[in-house]
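# A closer look at the structure
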Amino acid sequence: MKRREFIAGLGAAAAWPITASAQQSAKTYRLAQLTGGTSISRAPLLAAFMRGLRDLGYIEGQNLAVEHRFAEGSFERLPGLMHELLVWKPDVVFVSTTPGALAAKSAHSSIPIVFVGVADPIGVGLVESLSRPGGNITGVTNIGAELAGKRLEILKELVPTAKAVAVLINPDDQNSPSQMNSAKPAADKLGVQLNPILSVRSDADLKGAFEGAVRAHADAALRMIDPLTIALREQTVRYAAQFRLPVIYPFREDVASGGLVSYGPNIPDQYRQAATFVHKIFTGTKAGDIPVEQPTKFETVINLRTARALGLTVPPTLLARADEVIE
């Protein structure tokens, strides 16, 4: 998707106030954006990112030019899309999702890359360490792979009788093994079987995955993170209600859309946070010298109406720990 096609999705960006801290110059910075996700699902997040850049003094059409590319969930398209962006000769590539970040890093060894929405940057080989990433890449990790076990613990609190928990996962995503490695020890500790393991590579797989969970008599389900988690949010929540399956999700927005419960970082905040990385690179800092940042706060969000619809009673201890309760 070209910039002109996408700009409508960023809303009223031109109306955002300017609280610029960046030194302005006659230079127009060229920013490329690549994601393995969809244009529609990423629009609110990219709006948060652009808001962060505007607060730092970068205004599209004045001192900033932006080109967007979206793989729409088809990861095999990422290398070709990255090549298109490199032909444009950007100053920085801003990339979201792990497949997108890996495609960007593989395509070029010197153009600075800032990533967001990556669950395990060390485990997938993007950076050498969080404090000293090295090379031409840095960014913000959501440490999503490490949180799968914690989500399973919360799910067990909410559904204490659960013995079998289905896993909705995209095996094509490089973070899938790390997420399973986080969930398995927690499952053993809780006396829960991760069964069945259901592949969700596209929207066409989703209904069948829920049908498979019901056939296997799963008591609940764990939604793993991949570039399509956000894009398939509405369908996932709808099928969870249709099949009456308690599901724990990674993001607050899943619960605001009608999902049961979520645990994870605030993703729009991370996109705004990523804007500061781009600013540092624009002003001369090498990407590999900027430490990768992690979220400092994790939110538990519960939808009481969904819990009641599923016949679940939320334990008072879990309610007390919740950062937000949606009535």
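A brief look at the structure comes next.

Thresholds applied
- Residues numbered from 1 in each chain as written.
- Predicted model: local features only at pLDDT ≥ 70, side-chain atom pairs only at ≥ 80, totals over all residues.
- Heavy atoms only, no water.
- Helix = DSSP H or I, 4+ residues; strand = E, 2+ residues; numbered from the N terminus.
- Rg over C-alpha atoms; globule rule 2.2 N^0.38 Å.
- Buried < 20%, exposed > 50% of the residue type's maximum accessible area, 1.4 Å probe, protein only.
- Areas by Shrake-Rupley, 256 points an atom, 1.4 Å probe, with all protein chains shown as cover.
- Lys, Arg positive; Asp, Glu negative; His and termini not counted.
- Charge placed at Lys NZ, Arg CZ, Asp CG, Glu CD.
- Pairing = 2+ DSSP bridges.
- Axes fitted to C-alpha atoms, helices over the stretch in contact; angles between N-to-C directions.
- Contact = heavy atoms within 4.5 Å.
- Right-handed = clockwise from strand over helix to strand, strands pointing away.

## Overview of the overall build of the protein
Looking only at helices and strands, the protein has twelve helices and twelve strands in total. What you see for the protein is a C-alpha radius of gyration of 20 Å, in line with the 20 Å of a compact globule of 327 residues. Structurally, the protein occupies a C-alpha span of about 65 × 35 × 35 Å along its principal axes. The 327 residues of the protein split such that 57% are buried. Summing over all exposed atoms, the protein offers an accessible surface of approximately 13600 Å²; the carbon and sulfur share of this is 52%. Across the protein, 34 positive and 31 negative side-chain charges occur, with their mean positions spaced 1 Å apart.

## Concerning the sheet that holds strand E12 (residues 324-326)
Strand pairing in a sheet relies on backbone hydrogen bonds, with the paired strands running either antiparallel or parallel. Strand order across the open sheet formed by seven strands is E7-E6-E8-E9-E10-E11-E12, with mixed pairing between neighbours. The sheet is open, and its two edges are formed by strand E7 (193-199) and E12, each paired on a single side. Here the average twist between neighbouring strands, direction ignored, is 20°. Helix-sheet contacts for helix H5 (residues 148-158) involve strand E6 (164-169), E7, strand E8 (220-223), strand E9 (247-249), strand E10 (261-264) and strand E11 (299-303), and the interaxial angle to E10 is about 150°.

## Some thoughts on the pairing of strand E3 (residues 92-96)
The buried fraction of E3 is high, at five of five residues. Of the two faces of E3, the one carrying Val92, Phe94 and Ser96 and the one carrying Val93 and Val95 are both buried. Two elements, strand E1 (residues 29-35) and E3, share five bridges in a ladder whose sense is parallel. Residue pairing across strands places Thr35 opposite Ser96, the latter belonging to E3. Judged from the four bridges that link them, E3 and strand E4 (residues 113-118) form a sheet pairing that is parallel. Bridging from a neighbouring strand, Val93 pairs with Ile113 of E4. In this fold, E3 hands off to helix H4 (residues 98-107), which returns the chain to E4; that crossover is right-handed.

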